[in-house]
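# An overview of the molecular structure
The primary structure of each chain is shown beneath.
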Amino acid sequence: MLQGEEIKQLIPQREPIMMIDTFYGASETAGKSALTVLAANVFCENGQLREMGVIEHIAQTSAAYNGVKNKQNNGEDSKPKLGYIGEIKKCQIVRLPRVGEQLVTEVVVTAQVMNVTLMEATTKVGDETIATCQIKLFEED
Amino acid sequence: MTKEEIISKVNALLAEEFEVEEEVITPDANIKKTLELDSLSLVDLVALIDGEFGIKTNGAEMSKVLTFGELYDFIAGKIA
Amino acid sequence: MLKDDFFTIKGKESSGDGQVTYHVELNADHAIFKGHFPGNPISPGVCNIGMIKACAEEEIGASLFIGNMKQVKFSHLITPTENKELDIELKIDATDSEAIKLVAAIVKDGTKFMDIKAEARKE
């Protein structure tokens with residue numbers, strides 16, 4: 001498990017737009033991360049994390065999965081590659097998370113071709129699913 | 001599954017997903033051109049084929065498949 | 001939250017077919033560009049969604065919750081240096097206030113940077 005500053009080994013994003021604070025690890029085809037919503041979060045408004053924050057948290061969970069794979073393939077010292085959201089489909093946000101709540105997101109790889117990864121994401125607060133989506137991540141070489 | 005079954009399944013699936021007429025999907029036609037795939041949407045094709053036929057395709061394999069004829073053969077080889 | 005901070009609205013135009021175009025300008029000095037990415041500022045995809053949302057809210061005159069994004073496609077990266085000025089094209093069908101249909105794109109000089117199909121409701 002990686003937390004806080006250690007997350008920077010896996011993803012290229014930096015403050016104020018780091019949207020994961022814990023990475024639980026990755027299997028061959030899945031990764032899991034968490035974010036506790038703070039009032040100071042750049043995507044927080046009136047005590048709620050807005051849609052943009054939820055989606056960025058999902059995107060960075062995907063990026064962290066890629067970061068783990070990158071280290072496995074290219075060595076522990078490999079820096080995280082720059083990556084971007086290529087596409088989002090079927091994104092349902094049931095409700096916005098509130099300050100103090102912890103989002104836990106799991107991404108599962110559906111398919112991967114070259115530097116494009118298609119994943120299914122599920123975000124929960126406790127047992128409650130608050131968001132699901134398909135996300136396509138594009139990574140620079 | 002016979003080759004004919006693979007062909008009809010693939011054609012129906014791709015025509016619906018990528019919104020083209022089934023008639024334009026012929027064995028010699030180029031997949032990317034016919035379906036207007038860009039670098040981002042090739043992965044959608046792989047996900048669709050994998051899901052439908054219960055196979056696992058990696059990106060390197062797929063980059064060698066250029067025409068629909070090659071795609072039918074590729075799937076037939078995977079499920080054989 | 002992004003309006004008048006991450007970006008500003010410079011003007012708007014309506015065309016006859018129900019489309020509204022907002023002219024916007026990015027704030028290259030915003031802190032988000034320091035973290036996305038250090039030394040290589042690129043507008044995060046979610047901020048592009050956020051700018052569209054802010055313009056839609058401006059147009060409707062109410063806060064929106066976008067609970068259903070059917071498809072969002074990012075075709076080109078937006079950088080605050082190369083793409084400071086952008087056009088946001090909106091088509092909004094608010095007939096059903098519980099499922100406001102939003103179709104929008106960010107474009108400039110013939111380049112489409114992203115487009116979105118979504119359903120939102122007023123908050």
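Attention in this report is confined to the structure presented alongside it. Just so you know, these numbers come straight off a predicted model, no measurement behind them.

### Regarding the interface of chain A and chain B
- The interface is formed by eleven residues belonging to chain A together with ten residues belonging to chain B.
- Broken down by secondary-structure element, the contributors of at least two residues to the side of chain A that touches chain B are β6 (83–93), β7 (102–113), β8 (116–125) and β9 (128–139) of chain A.
- Ranked by residues supplied to the side of chain A that touches chain B, first place goes to β7(A) with four residues.
- When the residues that make up the side of chain A that touches chain B are grouped by side-chain class, the tally is six nonpolar, three polar and two charged.

### Here we look at the packing of helix α1 (residues 51–74) of chain A against helix α2 (residues 45–60) of chain C
- Two elements in contact, α1(A) and α2(C), have axes whose closest approach is 9 Å; the angle formed by their N-to-C orientations is 160°. As far as their axial angle goes, α2(C) and α1(A) are roughly antiparallel. Two packed elements cross with a definite hand, and for α1(A) against α2(C) that hand is right-handed. Seen from α1(A), the contacting residues are A:M52, A:I55 and A:E56; seen from α2(C), they are C:V46, C:C47, C:I49 and C:G50.

### What about the pairing of strand β3 (residues 64–74) of chain C?
- Where β6(A) and β3(C) come together, five bridges link them in antiparallel fashion. Residue A:E87 lies in a different strand from β3(C), and its bridge partner there is C:K73.
- Relative to strand β6 (residues 111–122) of chain C, β3(C) runs antiparallel, the two sharing eight bridges. Directly across from C:F65, in β6(C), lies its bridge partner C:R121.

### Observations concerning the arrangement of the chains
- Between all two pairs of chains that are in contact, chains A and C come out with the most contacts.
- These two, chain B and chain C, are apart from each other, with no contact and a minimum C-alpha gap of 9 Å.

### A short note on unusual backbone geometry
- Backbone torsion omega between A:E15 and A:P16 reads 5°, so that peptide bond is classified as cis.
- In this structure, C:F37 follows C:H36 across a cis peptide bond, with omega equal to 0°.
- Relative to the assigned elements, C:F37 resides in the loop between α1 (32–35) and α2.
- For C:D4, which is not glycine, the phi dihedral falls at a positive 65°.
- In this structure C:D4 comes out as exposed when scored by C-beta crowding, with 10 C-beta atoms within 10 Å.

### A look at the packing of helix α1 (residues 3–17) of chain B against helix α5 (residues 68–79) of chain B
All names here are of chain B.
- Two elements in contact, α1 and α5, have axes whose closest approach is 10 Å; the angle formed by their N-to-C orientations is 120°. Comparing their axes, α5 and α1 come out oblique. In terms of crossing hand, the pair formed by α1 and α5 is right-handed. Contacts from K3, I6, I7 and V10 in α1 reach L71, Y72, I75 and A76 in α5.
- For the contact of α1 with α5, the per-class residue count stands at seven nonpolar, no polar and one charged.

About the thresholds
- Residues numbered from 1 in each chain as written.
- Chains lettered and ligands numbered in written order.
- Predicted model: local features only at pLDDT ≥ 70, side-chain atom pairs only at ≥ 80, totals over all residues.
- Contact = placed C-beta atoms within 7 Å.
- Helix = DSSP H or I, 4+ residues; strand = E, 2+ residues; numbered from the N terminus.
- Nonpolar A, V, L, I, M, F, W, Y, C, P; charged D, E, K, R; others polar.
- Axes fitted to C-alpha atoms, helices over the stretch in contact; angles between N-to-C directions.
- Parallel < 35°, antiparallel > 145°, perpendicular 65-115°, else oblique.
- Left-handed = near helix turned anticlockwise from the far one by under 90°.
- Pairing = 2+ DSSP bridges.
- Buried ≥ 20, exposed ≤ 12 C-beta atoms within 10 Å, placed from the backbone.

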